[in-house]
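# Architecture and fold: a report
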Amino acid sequence: MEQDFLKVDNFTLAFNRLQTITRDYYKEVYISDLNNFGLNLTTNINTLIDRIKRDLYRPGEAYKIYLPKLDSTVRVITLLSFIDLLVYQAIINVLADTFYPDYKYKTNKYTFGNIYNDSSRKEEKIYFYTQWTKQWRKYNIESIKCFNKGYKYKCDFDIASFYDTIDHSILIGFIEEKMDDGKLLEILKKQLKDWSCDHERISIKKNHGIPQGPKASGFLAEIVLNYIDEKMIKYVAEDPNLMYLRYVDDISIFATDEDCGKRALAYLDLLSRDIGLIPQSRKLGVKLIESKIELINDNKKISKLSMQYRRNGKLKDSLNRKLINNVIKDINIENLINRSFDKSLLKFAMYKAGPDRNLKNVLIENIRYLYAYFDDICYYLSKNFIEDPNIRMFVYSFLNNKYLPYNYLIAIIFKHFGKIIDFDIKIYEKYYKEIKNRDWYIRYFMLDWINIKNPSVLNIIVEDNNFIVKRKLNYYRYWLTEDIQTRELIIHTLLEDKNVETALLGQGLLNMDTNFWNRETEKNDTNLNEFIKKINNIQVSESYISNQLNHSYGIANGEHFFNNRYWSRDELTYISKVFKDAQDSINTEPSVWLAYINTFNHLITVKLLEIYGIENFNKKEFNNILEKKEGMPDNFPKAFNSFSKINSRRNEIPLSHPYDREGKIGKHISKTEKTIYKKHFTDALEEILTVFEGKHNLEDLKLA
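How each quantity is defined
- Each residue is numbered by its place in its chain's sequence as written, counting from 1.
- Only residues with pLDDT of at least 70 get local features here, since the model is predicted, and only at 80 or more are side-chain atom pairs given and counted; chain-wide, interface and lining totals rely on the full set of residues.
- Working from all heavy atoms in the structure, the side-chain values ignore hydrogens and water.
- Simply put, an axis is a line fit to the C-alpha atoms, just over the touching stretch for a helix, and the angle between two N-to-C directions goes from 0 to 180 degrees.
- A run of H or I in DSSP becomes a helix once it reaches four residues, and a run of E becomes a strand once it reaches two; helices and strands are each numbered from the N terminus.
- Angular relationships are summarised with four words: roughly parallel below 35 degrees, roughly antiparallel beyond 145, roughly perpendicular across 65 to 115, and oblique for the angles in between.
- Contacts between residues were defined by any pair of non-hydrogen atoms, one from each residue, lying within 4.5 Å.
- Just so you know the grouping, Ala, Val, Leu, Ile, Met, Phe, Trp, Tyr, Cys and Pro go in nonpolar, Asp, Glu, Lys and Arg go in charged, and all remaining residues, Gly too, go in polar.
- Patch definition: residues above 30% relative accessible area lacking any salt bridge, with like charges linked at up to 9 Å and the nonpolar side chains Val, Leu, Ile, Met, Phe, Trp and Tyr linked at up to 5 Å.
- Here, Shrake-Rupley sampling with a 1.4 Å probe gives the accessible areas, and only protein chains in the shown set may cover a residue.
- We count a salt bridge whenever a side-chain nitrogen from Lys or Arg sits within 4 Å of a carboxyl oxygen from Asp or Glu.
- Only protein chains enter the accessibility calculation, which uses a 1.4 Å probe. A residue is then buried if its area is under 20% of the maximum for its type, exposed if over 50%, and partly exposed in between.
- By nonpolar core is meant a set of buried Ala, Val, Leu, Ile, Met, Phe, Trp, Tyr and Cys residues that side-chain atoms within 4.5 Å join together.
- We call two N or O atoms a polar contact when they sit within 3.5 Å, provided that within protein one can donate a hydrogen and the other can accept it, with sequence-adjacent residues counted only if both atoms are side-chain atoms.
- A crossing counts as left-handed when the near helix is turned anticlockwise from the far one by less than a right angle, and as right-handed when that turn is clockwise.
- Think of it this way: DSSP has to see at least two bridges between two strands before they count as a pair.
- Only rings of Phe, Tyr and Trp enter the pairing, Trp through its six-membered ring, and a pair is recorded when the two centres are within 6.5 Å. The plane angle decides the type: under 30 degrees is stacked, over 60 is edge-to-face, the rest tilted.

### Here's the deal with the packing of helix α5 (residues 82-103) against helix α9 (residues 168-178)
Any two packed helices are characterised by how steeply their axes cross, that is the angle between the axes, and by the distance between the axes. Running from amino to carboxyl end, α5 crosses α9 at an angle of 80°, the nearest separation of the two axes being 11 Å. Taken as axis vectors, α5 and α9 run roughly perpendicular relative to one another. Residues Leu95, Thr98, Phe99 and Asp102 of α5 touch α9, and the partners they reach there are Phe174, Ile175 and Lys178. Class assignment for the residues of the contact of α5 with α9 results in four nonpolar, one polar and two charged.

Set out below in structure tokens:
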């Protein structure tokens, strides 16, 4: 399985599937990163796979978008970096190929929506799911069949905050029952854990929740829901009074009588709780269906209108008028308060209906009930009425409102109405300089506004900690300056950035700017991002050890010692494995971390004695070789002191000895102690690596 995950073909397919996803607010943010990555697709994929194999890949921080819901709560969208999104999609590709054959029996019979596209045809395989519209239609057809067969009672069951409550251990347990791929599972576990929190708000990482936003997450949800499917399909098979259907996470049970339906709902409640899911009580219920018309939710009117729009690029005047009248009639105050209006009809109209002042006025008057569709509504208003004075008033009513329930609304205002918002230093300071980090989405769209209204301000904006905002800022700054040397400096800075997407932006700018088409990348620039080095055929020397020393301990010169100049290939492989075991346990088991770090120090000490030509020592006896005067004490006094303290404490933990030197029961390392010994380790490595930095052979080292 690991071979399948790390195949170039799998990552290429993952890239193609991200490419073919319909463009929406989510893809809108990562589309430029996708394009930059695709400029050197094969090289970049090989670089990424190689980094995964060398344990250099680690999930980046995820950013959150808080979308308003009709019930006044928020839907949390998790925005991943493009590299993370690509690795995640590659993982889900393998999971889908592994699990879907077992799901086929229930597809389009019991389950609908998020149906994996297992086509073997290359031109079709690039789409991850089958078309959702076809799935929705099939779901409705099956619902009507149930009604026609006498199942008159419809029992609705919905899971509360489904994606947010999926338990990681339960999900991984289901996966481990089916496949054994250590690398894939290791990465997926870390991804889910790291992406569970909003790093800009809080540092608490949770053991539940999968990222909402990436399309691939839908298949992880299917793996969890399969537990319920199997049990319920068996349950209804044994009771002719029941039928079971599921569309994504909306479950419907059709029953011949009300009591049967209630029993089935109770059983379904237990099943969901078995796997840590909680029913949404306000959406539970049994309803007697009087007519099959009540089950026709596929909105044939919209289907016909959509076909006509695709054919002609617009709706006929008569159809346009009918659509607008239906929307105006539907979003009356009663329906809005009860949240019973036709959501699909409203969304469709916002993108397909022509300009209508009555509709514009109704939307503006009732906007506080429609925040869940604010992006769609603002698209319609900006497309059709951007010059309307009432729209300008509408926009400024939001900008001047101190008590808006969602910061997201301001982001959307700048997204759609930047052209009509005058540059005002107070607006800039209020929404760009003074907002907290979690409002990165506002800054992201404000940059477009600033670039249009007062681009010179871009040069005084402080670098942003959010990599998405930072890349857009650098892009605008680059094209703002006309000085070639300044542009070259910007590109050089981007190419050296540790963030892959930022570095690839620099490479993309090089390709776009005709001034640099003959520019040669400096081969001796060791600070270039690894992806840039590979694109330009520059040797890469970074190892897992040097990467982690830099990331976790702030030590940036590890490659000067941990390389094949001093270590054999087998030795590097072994010491890297020891260091990885230490790093894997640093946050969960400090005592295990210390034990592995001590072994790491032992290996370093042996290597240093060998390099300095010291002979006649027993490699196994760490205490003895550590105290050899002509070795560590003379050449690395700080490292000698730190290694000695770590080794002494390691000998007192239960993993090594049941008793300490005084005969007392050994104690595990506390978090406070871990911080102390981490500092000792850092001090030691800094001293050693400083000596090795810039030394190209043994003679250089001895002269030092």
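### Regarding a nonpolar patch on the surface
On the surface, Tyr475, Trp479 and Met512 cluster together to form a nonpolar patch covering roughly 270 Å² of accessible area. Take Tyr475: it is sitting in helix α23 (residues 467-480). Taking the relative accessible area as the measure of exposure, Tyr475 reaches 31% and is therefore partly exposed.

### Observations concerning the nonpolar core
One finds Phe5, Phe11, Leu95, Ile175, Phe219, Leu220 and Phe414 to be the most contacted residues of the largest nonpolar core, which totals 173 residues. The element that contributes the greatest number of residues to this core is α5, accounting for 15 residues. Once residues lying within four places of it in the same chain are set aside, the contact partners of Ile175 are Leu95, Phe99, Leu185, Leu188, Leu220 and Ile223. With 45 residues, the next largest nonpolar core counts Leu56, Ala684, Leu689 and Phe692 among its residues.

### Considerations on the side chain of Ser252
Along the chain, Ser252 turns up in strand β6 (residues 250-255). Of the residues examined, Ser252 reaches a relative accessible area of 2% and is grouped as buried. One polar contact links Ser252 to Tyr139, side chain to side chain, over a distance of 3.0 Å. What Ser252 contacts, discounting residues up to four positions off in sequence, is Tyr139, Lys154, Cys155, Asp156, Met243, Tyr244 and Leu245.

### Focus on the pattern of salt bridges
Throughout the structure, instances matching the rule amount to 43 salt bridges. Glu123 is the salt-bridge partner of Arg121, the closest N and O atoms lying 2.7 Å from each other. Judged by relative accessible area, Arg121 falls into the partly exposed class, the value being 46%. A single salt-bridge network, built from bridges that share partners, covers Asp50, Arg51, Arg54, Glu530 and Lys534.

### As for the environment of Asn563
Along the chain, Asn563 falls in the loop between α27 (544-553) and α28 (569-585). Note on Asn563: relative accessible area 12%, which makes it buried. Along the primary structure Asn563 and Leu295 are separated by 268 residues, whereas in three dimensions their C-alpha atoms are 67 Å apart. Of note is the side chain of Asn563, whose polar atom sits 2.6 Å from the backbone oxygen of Glu559. From its side chain, Asn563 meets the backbone oxygen of His560 in a polar contact 3.2 Å long.

### Focus on the packing of α5 against helix α10 (residues 182-194)
In contact at an axis separation of 11 Å, α5 and α10 are set at 130° when each is read in the N-to-C sense. Judged by the inter-axis angle, α5 sits oblique to α10. Viewed along their axes, α5 and α10 form a crossing whose handedness is left-handed. Packed against α5, whose contacting residues are Asp84, Val87, Tyr88, Ile91, Val94 and Leu95, the element α10 presents Leu184, Ile187, Leu188 and Gln191 at the interface. Its residues assigned to classes, the contact of α5 with α10 shows eight nonpolar, one polar and one charged.

### A few points about the sheet that holds strand β5 (residues 242-247)
The strand order β3-β5-β6-β4-β7 describes an open sheet built from five strands, whose pairing is mixed. Edge positions in the sheet fall to β3 (111-112) and β7 (285-288), since each has one partner strand and no second. Pairing analysis gives six bridges linking strand β4 (residues 153-158) to β6, with the strands arranged antiparallel. By the bridge assignment, Tyr153 is partnered in β6 with Ala255. Its contacts with the sheet place helix α7 (residues 132-148) against β3, β5 and β6, and it is angled at close to 165° to β5. Of the strands in this sheet, β4, β5, β6 and β7 touch helix α12 (residues 258-274), which is tilted by about 15° from β4.

### Here's the deal with the packing of aromatic side chains
All chains considered together, the criterion is met by 59 aromatic pairs. Between Tyr544 and Phe579, the aromatic rings sit 6.3 Å apart at their centres with planes inclined by 70°, giving edge-to-face as the arrangement. With Tyr544 in helix α27 and Phe579 in helix α28, the pair connects residues that are 35 residues apart, well separated along the chain. Between Tyr612 and Phe636, the ring centres sit 6.1 Å apart and the planes meet at 85°, which makes this aromatic pair edge-to-face. Of the two residues, Tyr612 sits in the loop between α29 (590-611) and α30 (622-626) while Phe636 sits in the loop between α31 (632-635) and α32 (637-650), which places them 24 residues apart along the sequence. Taking relative accessible area as the criterion, Tyr612 reaches 22% and is therefore assigned partly exposed. Overall, Phe636 belongs to the buried group, its relative accessible area being 1%.

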